[in-house]
Amino acid sequence: MSKKIITPVASLAHILPEDYRDLVEKGPHGKSVGIKDLGSFKEITEEHPHCAGCGVSLGVRLALAALPAPEDTLVVGTPGCSFFALSQTAVNYSNTAFGNQNSVASGLKRMLSIRYPDKDKDVVVMAGDGGIADIGLDMTLHSWFRGEKISTIMLDNEVYGNTGGQESGMSPEGQVLHMAPKGKNFKKIPVFEMARTAGCVYGARVTIASPKRLGRAVNRAILLARELGPTYVQIYTPCPTNMKFSPADTIRIAKEAGSTHYAFEEFMTEEAALRIAVMEGEQGKIQD
Amino acid sequence: MYLSVRVDKEKCIGCKICITSCPEPNVFIFLPEQKLVEVNESRCKACGLCTTVCAKEALKIG
Ligand code: SF4
Ligand code: SF4
Ligand code: SF4
């Protein structure tokens, strides 16, 4: 499919909304831009209702800026704080019933592979810890067991943010929350380790305090899913509203987590490692 | 917005760290010729996050 799909008809260009014209003129579609270029291209997300200083919205923004081909990407999400920004995103987006995102994404990916056999159409799940680790865990794991060629990105704020702060499977043990006043009694679910066991060909655990690393992980995950199989990126996206820290401290909190339970880690199969070497060699050549 | 971040153009060195730290889309615009950033004030929520990451103290909420 031509990338000109977003080129407006010349005679109607003047009546298009300003935001749309901006996206056509300065957007990332059809160009090779990424996180390092943020600020010089129109981002894919529009205004959104996240709380000030929200780590989830920063995670969404950085992950979207790292999409290798936004014009050929379908993002699949599920209810939760993550979908506030995602549903206002100028990229193809589909919402699902809570927890169903990996099943819906599997179906959409298969359908797109049949409809566009000669074209890479990336299907990327972007959802919170509640959708992926709690109610959607079985469907997430089964999509990995089946080897679906989709990327799953968890925006892990370690809490149910938009419903007032219930504990999530991903909240750390002992975490005190609005609706867990005595602290959580159970350990954080090891979804990252489960991804490796369940058959993901690539996985990365990062925080929003390392934007370049985050961008590289998302880019690798999507390109590897195109060819080899399921991939997983888990991003720490702290929530100032429920964790009760100042919105100005979101990056500091994420940095601190990066030196404790959110230390950067990557795993990949041998095949994926070889593919990365080739892909990034080619990208290097293009940039030179 | 009643409050927004403002850039001190004398102090900004265009390192772009604020751009990748802001949770709001399209707030910072990078000006390549001048090598500094500009702010779209109507999109800023004045969270102060960018002010804490700017090593040059070029950003202030006002
Ligand atoms: S509740 Fe937390 S995660 Fe949800 S929008 Fe507000 S700061 Fe972000
Ligand atoms: S972080 Fe500070 S010095 Fe760097 S671009 Fe932003 S305002 Fe300028
Ligand atoms: S104060 Fe917050 S919303 Fe405003 S520019 Fe800085 S980081 Fe972005």
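Residues numbered from 1 in each chain as written. Chains lettered and ligands numbered in written order. Predicted model: local features only at pLDDT ≥ 70, side-chain atom pairs only at ≥ 80, totals over all residues. Heavy atoms only, no water.

- An unreviewed UniProt entry lists chain B under the name 4Fe-4S dicluster domain-containing protein, from Desulfobotulus mexicanus.

- An unreviewed UniProt entry lists chain A under the name Ferredoxin oxidoreductase, from Desulfobotulus mexicanus.

## Topic: the pairing of strand β6 (residues 231–236) of chain A
Strand residues, when the strand is regular, have side chains that alternate between the two faces of the sheet.
Residue and element names in this part refer to chain A.
Then comes step 1: Across the 6 residues that make up β6, a large majority, 6, are buried.
Then comes step 2: Side chains T231, V233 and I235 of β6 all project onto a buried face; the interleaved residues Y232, Q234 and Y236 project onto the opposite face, where all are buried too.
Then comes step 3: Taken together, the 6 bridges between strand β5 (residues 202–207) and β6 define a ladder with parallel strand orientation. Looking at β6, one finds that Y202 is bridged to T231.
Then comes step 4: With helix α8 (residues 211–227) bridging β5 and the parallel β6, this β-α-β connection has right-handed handedness. (Buried < 20%, exposed > 50% of the residue type's maximum accessible area, 1.4 Å probe, protein only. Helix = DSSP H or I, 4+ residues; strand = E, 2+ residues; numbered from the N terminus. Pairing = 2+ DSSP bridges. Right-handed = clockwise from strand over helix to strand, strands pointing away.)

## Considering the sheet that holds β6(A)
Residues and elements named next belong to chain A.
Then comes step 1: Across the sheet, 7 strands lie side by side as β2-β1-β3-β4-β6-β5-β7; this open sheet has mixed pairing. The open sheet has two edge strands with one neighbour each: β2 (92–95) and β7 (265–268). Averaged over neighbouring strand pairs, the angle between their axes works out to 15° when direction is ignored.
Then comes step 2: As paired strands, strand β3 (residues 122–128) and strand β4 (residues 151–156) are joined by 5 bridges and run parallel to one another. The residue of β4 that forms the bridge with G128 is L155. (Axes fitted to C-alpha atoms, helices over the stretch in contact; angles between N-to-C directions.)

## Thoughts on the UniProt feature "domain: Thiamine pyrophosphate enzyme TPP-binding" (unreviewed entry) in chain A
Then comes step 1: Using the residue numbers shown here, the UniProt feature "domain: Thiamine pyrophosphate enzyme TPP-binding" (unreviewed entry) corresponds to residues 89–235 of chain A.
Then comes step 2: Secondary structure over residues 89–235 of chain A splits into 38% helix and 19% strand, and the C-alpha atoms at its two ends are 19 Å apart. (UniProt positions renumbered as here; feature names shortened; annotations may be inferred.)

## Points about the interface of chain A and chain B
Then comes step 1: In this assembly, 29 residues from chain A lie in contact with 20 residues from chain B.
Then comes step 2: Overall, the association of chain A and chain B removes approximately 1,800 Å² of surface from exposure, summing both partners, and the carbon and sulfur fraction of that is 50%.
Then comes step 3: It is A:G39, A:R61 and A:A248 that lose the most area in chain A upon contact with chain B, and together they represent 26% of the buried surface on that side.
Then comes step 4: The tally of links between chain A and chain B comes to 2 salt bridges.
Then comes step 5: Among the ionic pairs, A:E47 bridges to B:R43, the shortest N-O distance being 4.0 Å.
Then comes step 6: If you look at where chain A meets chain B, you find 12 residue pairs in polar contact (both at pLDDT 80 or more).
Then comes step 7: The set of elements that each furnish at least two residues to the side of chain A that touches chain B consists of α2 (55–65) and α10 (250–258) of chain A.
Then comes step 8: Here the side of chain A that touches chain B gets 4 residues from one element, more than from any other, and that element is α2(A).
Then comes step 9: Here the side of chain A that touches chain B is composed, by residue class, of 13 nonpolar, 8 polar and 8 charged. (Contact = heavy atoms within 4.5 Å. Buried area = accessible area lost by both parts, 1.4 Å probe. Salt bridge = Lys/Arg side-chain N within 4 Å of Asp/Glu carboxyl O. Polar contact = N/O pair within 3.5 Å; in protein donor to acceptor, adjacent residues only side chain to side chain. Nonpolar A, V, L, I, M, F, W, Y, C, P; charged D, E, K, R; others polar.)

## Digging into the pairing of strand β2 (residues 28–31) of chain B
Residues and elements named next belong to chain B.
Then comes step 1: Relative to strand β3 (residues 36–39), β2 runs antiparallel, the two sharing 4 bridges. Residue pairing for β3: L31 is matched across the bridge by L36.
Then comes step 2: Counting the residues in the hairpin turn of β2 and β3 gives 4 residues, including K35, whose phi is positive at 55°.

## What about the site of ligand 2?
Then comes step 1: For ligand 2, the full set of nearby residues is B:C12, B:I13, B:G14, B:C15, B:K16, B:C18, B:V37, B:C54, B:K56, B:A58 and B:L59.
Then comes step 2: The class makeup of the residues in the shell around ligand 2 is 8 nonpolar, 1 polar and 2 charged. (Near = heavy atom within 4 Å.)

## Some thoughts on the site of ligand 1
Then comes step 1: With respect to spatial proximity, the complete set of residues near ligand 1 consists of A:H50, A:C51, A:C54, A:V56, A:C81, A:N157, A:G161, A:C239, A:P240, A:T241 and A:N242.
Then comes step 2: It is helix α9 (residues 240–243) of chain A that contributes the most residues to the shell around ligand 1, 3 residues altogether.

## As for the side chain of A:S57
Then comes step 1: Checked against the element boundaries, A:S57 lands in helix α2.
Then comes step 2: Not counting chain neighbours up to four residues away, the residues in contact with A:S57 comprise A:H48, A:H50 and B:P23.

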